[in-house]
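One-letter residues, chain by chain:
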Amino acid sequence: MATLLRSKLSNVATSVSNKSQAKMSGMFARMGFQAATDEEAVGFAHCDDLDFEHRQGLQMDILKAEGEPCGDEGAEAPVEGDIHYQRGSGAPLPPSGSKDQVGGGGEFGGHDKPKITAWEAGWNVTNAIQGMFVLGLPYAILHGGYLGLFLIIFAAVVCCYTGKILIACLYEENEDGEVVRVRDSYVAIANACCAPRFPTLGGRVVNVAQIIELVMTCILYVVVSGNLMYNSFPGLPVSQKSWSIIATAVLLPCAFLKNLKAVSKFSLLCTLAHFVINILVIAYCLSRARDWAWEKVKFYIDVKKFPISIGIIVFSYTSQIFLPSLEGNMQQPSEFHCMMNWTHIAACVLKGLFALVAYLTWADETKEVITDNLPGSIRAVVNIFLVAKALLSYPLPFFAAVEVLEKSLFQEGSRAFFPACYGGDGRLKSWGLTLRCALVVFTLLMAIYVPHFALLMGLTGSLTGAGLCFLLPSLFHLRLLWRKLLWHQVFFDVAIFVIGGICSVSGFVHSLEGLIEAYRTNAED
């Protein structure tokens, strides 16, 4: 009897699934997606409410017929690989082992995945936009004056807005008029915008931008480590390049990383240490409040160097790339907007105060990394803590860059450009390890030949920061939701796209010119 019921269940579920597949494929086609493949159609079919109700109803009938309890406590545990459902969610689960599933929860994860509160999500955003790169903000005030302070506020407002509209692009209305989450990442949004003619072009553009930003972040960590150690111990016969080589030797084991469990244990301590360092710098600046050079802060700008400051400020606010995953892992996604508001307001206030107070203290002598202005008695201690934070922070963007490269170039099945980096037993192949080591060495070579923290930060912020934070979110918002937008929303999106494009091009050109000039100067010396 049980066998007969199971056979009946399988046949009915297959029939309903096929009908649901046709229904969902038609809906996504009307939304502008490319015609779904068989694999995608099966995934879309899993979202159908009718399929959910039918399977649940039949399961309840079987349980009652066999005399088993109908509640959750008596229900049979799901088999590994089986499909789980979420009431009120229109999004399919990712395939087993996918990044979103492994990442732990979210609307695209299972019921057993722990989700985070709005405070925890805010802590993650704060870590991203209040990192050690705020040490370059006083240098931005040096070349921008009060306009630099205005730009810190403006960038906070724009990045907060673009973060919200990026999340809005994850959702669509279904046939019943309900808003459901149909996408799970920045790449998925980009692909949806380019479909149906170029269904993967947008994702590739976002991946390239993400890889550039992650690798440049690694380079900046090596540059700042060499810079801080050199300025902490100027009496030692060790050059900045040599300190960078030493730092890279410490970082070489990153090539052997399979996960970030060991590194993640230090993340909280590193963040707390960084906040303590910021407080120490501000306390020292306040102790010299009588000597603050208010007359040095003016409304004029250095036309040649101010565009570099734009890139520095924008780079310090970059967090959009992980916001879709973060929002999907929140217990209450409706609190996302509120969380974005208070995190960016706090970042704006703290960054503005830190940059202004530090610049008022050292005025025209402000250096690229503000801790280099501290007196020798405390500079070495502060810089050593910062170097430790930089070295412990390096594995995070490095591992993320490696994952993106491996997924896009080595793990796409028949579409892979190169053979897999891992063997059948899950071990990293020798040539895969060589490529990881080569990436570490590449970050070292860039740090040696371009040892300019502010210029590199400005270049990265202008190239990928402005693109990921300003240009692409506003463009995607217009492309996917333009029929539902009010006139002022369209105006904001267009204005952000135009202003962001101008700032990006201007900052990139001037940063590149500064790097070329600095390289020529070093070559002559």
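As the structure is a computational prediction, the values presented were derived from the model and not from experiment.

If you tally the helices and strands in the chain, you get 20 helices and two strands. Of the accessible surface of the chain, which amounts to about 26400 Å², a share of 64% is contributed by carbon and sulfur atoms.

Take the pattern of salt bridges next. Following the criterion strictly, the structure yields three salt bridges and no others. A salt bridge links Glu327 to Arg181, with the nearest nitrogen and oxygen atoms 3.0 Å apart. Separated by 146 residues along the polypeptide, Glu327 in helix H14 (residues 323-328) and Arg181 in strand E2 (residues 179-181) bring together distant segments of the chain. Each member of the pair Glu327 and Arg181 is classed as buried. The partner of Asp364 in a salt bridge is Lys296, with the nearest N and O atoms 3.2 Å apart. Of this pair, Asp364 sits in the loop between helix H15 (336-362) and helix H16 (376-393) while Lys296 sits in the loop between helix H12 (267-287) and helix H13 (306-315); the two residues are 68 residues apart in sequence, bridging distant segments of the chain.

Turning to the packing of aromatic side chains, a few remarks are in order. If you walk through the whole model with that rule in mind, you get 13 aromatic pairs. Centroid distance Tyr186 to Phe476: 6.1 Å. Interplanar angle 80°. Geometry classified as edge-to-face. Separated by 290 residues along the polypeptide, Tyr186 in helix H8 (residues 186-194) and Phe476 in helix H19 (residues 453-481) bring together distant segments of the chain. Among the residues examined, Phe476 registers a relative accessible area of 6% and is labelled buried. Aromatic side chains Tyr284 and Trp362 sit 5.9 Å apart centroid to centroid with 15° between the ring planes, which places their arrangement in the stacked category. In this pair, Tyr284 is assigned in helix H12 and Trp362 in helix H15, connecting sequence segments 78 residues apart. You can call Tyr284 partly exposed: its relative accessible area is 22%. Grouping aromatic residues by their ring pairs yields a cluster made of Phe133, Tyr221, Phe315 and Phe453. Sitting above the plane of the Tyr317 ring, Lys351 keeps its charged end 3.5 Å from the centroid.

Here we come to the packing of helix H5 (residues 118-129) against H15. Closest axis-to-axis distance for the H5/H15 pair is 9 Å, and the angle between their directions is 35°. The way H5 lies across H15 gives a crossing that is right-handed. Residues Ala118, Trp119, Ala121, Gly122, Val125, Thr126 and Ile129 of H5 touch H15, and the partners they reach there are Met339, Trp342, Thr343, His344, Ala347 and Lys351. Of the residues assigned to the contact of H5 with H15, the class counts are eight nonpolar, four polar and one charged.

Relative to the helices and strands, Thr162 resides in helix H7 (residues 146-168). Within the structure, Thr162 has its side chain in polar contact with the backbone oxygen of Cys159 (distance 3.2 Å). Among all residues touching Thr162, those that are not within four sequence positions of it are Gln320, Cys469, Phe470, Pro473 and Ile496.

In this model H15 runs 39 Å from its N-terminal to its C-terminal C-alpha over 27 residues, within 8% of the 39 Å that 1.5 Å per residue would give. Trailing H15 by a residue or two, Ala363 shows a phi angle of about 50°, which is positive.

Turning our eyes to something else, we now look at the confidence of the model for the chain. Predicted confidence across the chain gives a mean pLDDT of 76, with 72% of residues reaching 70 or more. Taken together, the stretch residues 12-111 has pLDDT below 50 and engages in 105 contacts with residues farther than four places along the chain or on a different chain.

If you look at the biggest cluster of nonpolar residues, it comprises 115 residues, and the most contacted ones within it are Tyr317 and Tyr394. Examining the composition of this core, we find that 15 residues originate from one element, helix H9 (residues 201-232), more than from any other. When residues no more than four places from it in sequence are discounted, the contact partners of Tyr394 are Cys218, Tyr221, Val222, Leu251, Cys254, Val440 and Thr443.

All right, on to a nonpolar patch on the surface then. A cluster of nonpolar residues, Leu475, Val494, Phe497, Val498 and Ile502, forms a patch on the protein surface that exposes about 420 Å² of accessible area. Sort the elements by how many residues they give to the nonpolar patch and helix H20 (residues 487-524) lands first, with four residues. Mapped onto the secondary structure, Phe497 falls in helix H20.

Rules and cut-offs
Residues numbered from 1 in each chain as written. Predicted model: local features only at pLDDT ≥ 70, side-chain atom pairs only at ≥ 80, totals over all residues. Heavy atoms only, no water. Helix = DSSP H or I, 4+ residues; strand = E, 2+ residues; numbered from the N terminus. Areas by Shrake-Rupley, 256 points an atom, 1.4 Å probe, with all protein chains shown as cover. Salt bridge = Lys/Arg side-chain N within 4 Å of Asp/Glu carboxyl O. Buried < 20%, exposed > 50% of the residue type's maximum accessible area, 1.4 Å probe, protein only. Phe/Tyr/Trp six-rings, centres within 6.5 Å; stacked < 30°, edge-to-face > 60°. Lys NZ or Arg CZ within 6 Å of the ring centre and 35° of its normal. Axes fitted to C-alpha atoms, helices over the stretch in contact; angles between N-to-C directions. Left-handed = near helix turned anticlockwise from the far one by under 90°. Contact = heavy atoms within 4.5 Å. Nonpolar A, V, L, I, M, F, W, Y, C, P; charged D, E, K, R; others polar. Polar contact = N/O pair within 3.5 Å; in protein donor to acceptor, adjacent residues only side chain to side chain. Expected span 1.5 Å × (residues − 1). pLDDT = per-residue confidence, 0-100. Core = buried A, V, L, I, M, F, W, Y, C linked by side-chain atoms within 4.5 Å. Patch = residues over 30% accessible without salt bridge, like charges linked within 9 Å, V, L, I, M, F, W, Y side chains within 5 Å.

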